[in-house]
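The lines below spell out each chain.
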Amino acid sequence: MALPSLDSSLQGIPKSVLAVSMETKYQCQQCHQVLRKPVQAQCGHRFCVHCFKLLTSSGPKPCEACQQEEIYEEPQSILNSNEAFPDNAAGREIASLPAKCINGGCSWTGCIKEYEAQHEGKCEYERVLCEACQVFILRSEKERHSERECEERTLNCKYCKVSFNFKQIKAHDEICQKFPMQCKDCGKKKIPREKVCALLGMGDMAKISYHGIFQIYDYFMVFYVKIINKMINKKF
Ligand SMILES: [Zn+2]
Ligand SMILES: [Zn+2]
Ligand SMILES: [Zn+2]
Ligand SMILES: [Zn+2]
Ligand SMILES: [Zn+2]
Ligand SMILES: [Zn+2]
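One structure accompanies this document, and this report is about it. (Residues numbered from 1 in each chain as written. Chains lettered and ligands numbered in written order. Predicted model: local features only at pLDDT ≥ 70, side-chain atom pairs only at ≥ 80, totals over all residues. Heavy atoms only, no water.)

The next subject is the coordination of the zinc ion (ligand 4). At the metal site, the zinc ion (ligand 4) is ligated by C130 (SG), C133 (SG), H145 (NE2) and C150 (SG), and these contacts range over 2.1 to 2.3 Å. Around the zinc ion (ligand 4) sit four donor atoms; with metal-centred angles ranging over 103 to 113°, the donor geometry is tetrahedral. Mapping the donors of the zinc ion (ligand 4) onto the primary sequence gives the spacing C-x2-C-x11-H-x4-C. Of this pair, C133 sits in the loop between β8 (127–129) and β9 (136–138) while H145 sits in helix α5 (residues 142–149); the two residues are twelve residues apart in sequence, bridging distant segments of the chain. Taking relative accessible area as the criterion, H145 reaches 8% and is therefore assigned buried. (Donors = N, O, S within 2.8 Å, 3.2 Å for Na, K, Ca; no water. Tetrahedral: all angles 85-135°; square planar, octahedral: opposite > 155°, others 65-115°. Helix = DSSP H or I, 4+ residues; strand = E, 2+ residues; numbered from the N terminus. Buried < 20%, exposed > 50% of the residue type's maximum accessible area, 1.4 Å probe, protein only.)

Structure follows, in C-alpha cells:
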C-alpha cells in the first residue's frame, strides 16, 4: 500500500540539519530522518509521532526495523497505534543537539530546539515553490517575484479591469475594447477601441466619428429640451 505523501513539517527533521553525526537512536525508523516528537513502540524502536500514526493508520503492522535487525518477535514487534508512548527522554536529547541551516548562503546555527522554533520554514535563504509558475525562488524574493516577476502572475487590464495572465496581456491589448486609440478623423486621442471600431461599416457616416455623434446628439437634446420648455411655458 502506498503511503500518503508526508508533510515535510510533520515528518522527521532532515539529517543534514544535524551539526554532529547521526546516532541511530535519534533516527525515525519510518522516514529515516531525525525524530520529530518521538514515540517509542513496544519493540523499542522510535518513530516520529506523525510517521507512526501514518504507519499504523490502517491497522497493526510488523516492525520492519525488527525484521532487518533479526529481532522480530510477536507480539512486541507488531506496531499498534495504541501501544506506543511519547519518548520524552529522547525528545530532550535531540532538542539539545547542535544544528545548522542547510540552505546555501545561510550562516544560522543553534540547537535542534531553536531550529524548529525559530528557523525552520522561516529561513530567507530557503527556496520556496512559486505555485503559479512552479519555479523555486528564495523565500526573501518570493513577494517581489509574485508581484512583479512571475511569468504566470495575474494582472488586471488597466483599461477594462478584467484580470489576465501576464503572458496574455500583450495579446489582449490588441483586442481590448477599452484600449485607448486615436480617432483617425479628428485626431482626438484616448478614445476606447469599441467606439473607434464602431466607425467600421458606417460608410459616409464614418466622417463623423462615433464620439462626434454623441456630441451632435447632446447638442440636439439641449435644443429639444429648450423647445419643449418653451411649449410648456406657453401652455401654462
Ligand atoms: Zn519519521
Ligand atoms: Zn521494532
Ligand atoms: Zn537558514
Ligand atoms: Zn512564479
Ligand atoms: Zn482590457
Ligand atoms: Zn474624431
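Now that the structure has been shown, the text picks up again.
Each aromatic ring pair is specified by the distance between its two centres and by the angle formed by the two planes. Here the structure, examined in full by the defined rule, presents three aromatic pairs. Judged by centre distance (5.2 Å) and plane angle (80°), the rings of Y159 and F179 are edge-to-face. Taken together, the positions of Y159 in the loop between β10 (154–156) and β11 (163–165) and F179 in the loop between α6 (166–173) and β12 (180–181) put the pair 20 residues apart, joining distant regions of the chain. For Y159, a relative accessible area of 30% gives the class partly exposed. (Phe/Tyr/Trp six-rings, centres within 6.5 Å; stacked < 30°, edge-to-face > 60°.)

Across the junction of E74 and P75, the peptide omega takes the value 5°, indicating a cis bond. As for its position among the elements, P75 is in the loop between α2 (64–68) and β4 (78–79). Even without a glycine there, the phi angle at Q134 is positive, about 60°. With respect to the helices, strands and loops of the structure, Q134 is situated in the loop between β8 and β9. A relative accessible area of 51% means that Q134 is categorised as exposed. At K190, a residue that is not glycine, the phi angle is positive and equals roughly 60°. As for its position among the elements, K190 is in the loop between β12 and β13 (191–192). Relative accessible area serves as the criterion here: at 73%, K190 is assigned to the exposed category.

Further remarks concern the side chain of T56. Within the secondary structure, T56 sits in the loop between α1 (49–55) and β3 (61–62). A relative accessible area of 4% places T56 in the buried class. Beyond its immediate chain neighbours, meaning those up to four positions away, T56 contacts L79, N80 and S81. (Contact = heavy atoms within 4.5 Å.)

Attention now goes to the pairing of strand β1 (residues 38–41). Across the two faces of β1 the burial is the same, with P38 and Q40 and V39 and A41 all buried. Here three bridges tie β1 to strand β2 (residues 46–48), and the two strands are oriented antiparallel to one another. Its bridge partner being in β2, V39 is matched across the sheet by F47. Between the antiparallel neighbours β1 and β2 lie four residues, among them G44 with a positive phi of about 100°. Bridge count for β1 against strand β5 (residues 84–86) is three bridges, and the pairing is antiparallel. Looking at the pairing, Q40 lines up with F85 of β5. (Pairing = 2+ DSSP bridges.)

One open sheet accounts for three strands, arranged β2-β1-β5; its pairing is antiparallel. Across the chains shown, the open sheet's two edge strands, defined by having one partner strand only, are β2 and β5. Strand-to-strand twist across the sheet, computed as the mean angle between neighbouring axes with direction ignored, equals 35°. (Axes fitted to C-alpha atoms, helices over the stretch in contact; angles between N-to-C directions.)

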